[in-house]
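What follows is each chain in one-letter form.
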Amino acid sequence: MIIKICGIKNQDTLSFCEKNNVNYFGMIFYKNSPRNISFESAKELQNMSKKFKINGVGVFVNESVNNLKQYINYLGLKFIQLHGEEDNNYIKEIKKLNLKVIKKISINDEKDIDNIDNFNDADFFLFDYKPKKGELPGGNAKSFNWNIIKNIKINKPWFVSGGINLDNIHFLKTNIKPFGIDLSSGVEKELGIKDNQIINNFVEKLKHA
């Protein structure tokens, strides 16, 4: 199962993720998030990752296309995650830059799954808890009813995000069987601060789940 850890902000955490065979690290460019990263820090992480197997993912929320293109070019991003209300035309425009797009699909009930039909040009889907009014677009440490996506049949790889922790990862791996998981608050010791020991515990538990 593919592992993506979102909200990485420093080189120590990135190095530890590499040692634990984490596949993707997310850099969040959303000012209202406690996991927001600066341009400069993101550049350092991207440069560092070139020596590693782990891939950097820029995470954006309703960013203008022109601004997003500047981020992509400056950082050399090969993967981006769109976590807002971006439409398929937006995705098509961004994909002209030769990269892979992960599109978030907010889930509250079964009919929300139909929204994947609106994003034919996305390369991956990420199923996440649908935030209520006043909540952040992601990183709320809340999960939706994962049974909604059990046995889902779609022709693209998909991640599960939202409220994944050491207590529920076994159920997720053995019953829902996603292509990948997206972790954030579940590997933090406090809001926005990743913890290497929790990351290690997660990876070990996944190996034996």
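Nothing here was measured: the structure is a model prediction, and the numbers come from that model. Counting of residues starts from 1 at the beginning of each chain's written sequence and follows it residue by residue. In keeping with the model being predicted, local features are shown solely for residues with a pLDDT of at least 70 and side-chain atom pairs are shown and tallied solely at 80 or more, while totals for entire chains, interfaces and linings include all residues. To get the side-chain values, take all heavy atoms of the structure and skip hydrogens and water.

## Concerning the pairing of strand S4 (residues 79-82)
The criterion, for reference: Buried, partly exposed and exposed residues are distinguished by accessible area as a fraction of the type maximum, computed with a 1.4 Å probe on protein chains only: under 20%, between the cut-offs, and over 50%, respectively. Per the convention used, a helix needs a DSSP run of H or I reaching at least four residues, while a strand needs a run of E reaching at least two, with both numbered from the N terminus. Only strands joined by at least two bridges in the DSSP assignment are considered to pair. Seen with the strands pointing away from the viewer, any crossover whose path from the first strand over the helix to the second strand runs clockwise is right-handed.
On S4, burial covers both faces: Phe79 and Gln81 on one face and Ile80 and Leu82 on the other are all buried. Note that strand S3 (residues 55-60) and S4 share four bridges and pair parallel. Directly across from valine 59, in S4, lies its bridge partner glutamine 81. Two strands pair when backbone bridges link them, and S4 and strand S5 (residues 100-107) are joined in this way by four bridges, in the parallel orientation. Bridge pairing in S5 places phenylalanine 79 opposite lysine 100. The β-α-β motif built from S4, the intervening helix H4 (residues 88-94) and the parallel element S5 has right-handed crossover chirality.

## A look at the environment of lysine 43
Filter applied, for reference: Whether two residues touch is decided by their heavy atoms; if any such pair falls within 4.5 Å, the residues are in contact.
Within the secondary structure, lysine 43 sits in helix H2 (residues 39-49). With a relative accessible area of 25%, lysine 43 lands in the partly exposed category. Here the alpha-carbon distance between lysine 43 and tyrosine 74, two residues 31 residues apart in the chain, equals 8.0 Å. Excluding residues within four positions of it along the chain, lysine 43 makes contact with Tyr74 and Leu75.

## Looking at H2
The following threshold applies: What the arc covers is the set of directions going from the helix axis to the C-beta atoms.
All of the buried residues in H2 are Ala42, Leu45, Gln46, Met48 and Ser49. Each buried residue of H2 sits inside an arc of 160° when the element is viewed along its axis, so together they form one side. For H2, the secondary structure elements touched by its buried residues are helix H1 (11-19), strand S2 (24-29), S3 and helix H3 (65-75).

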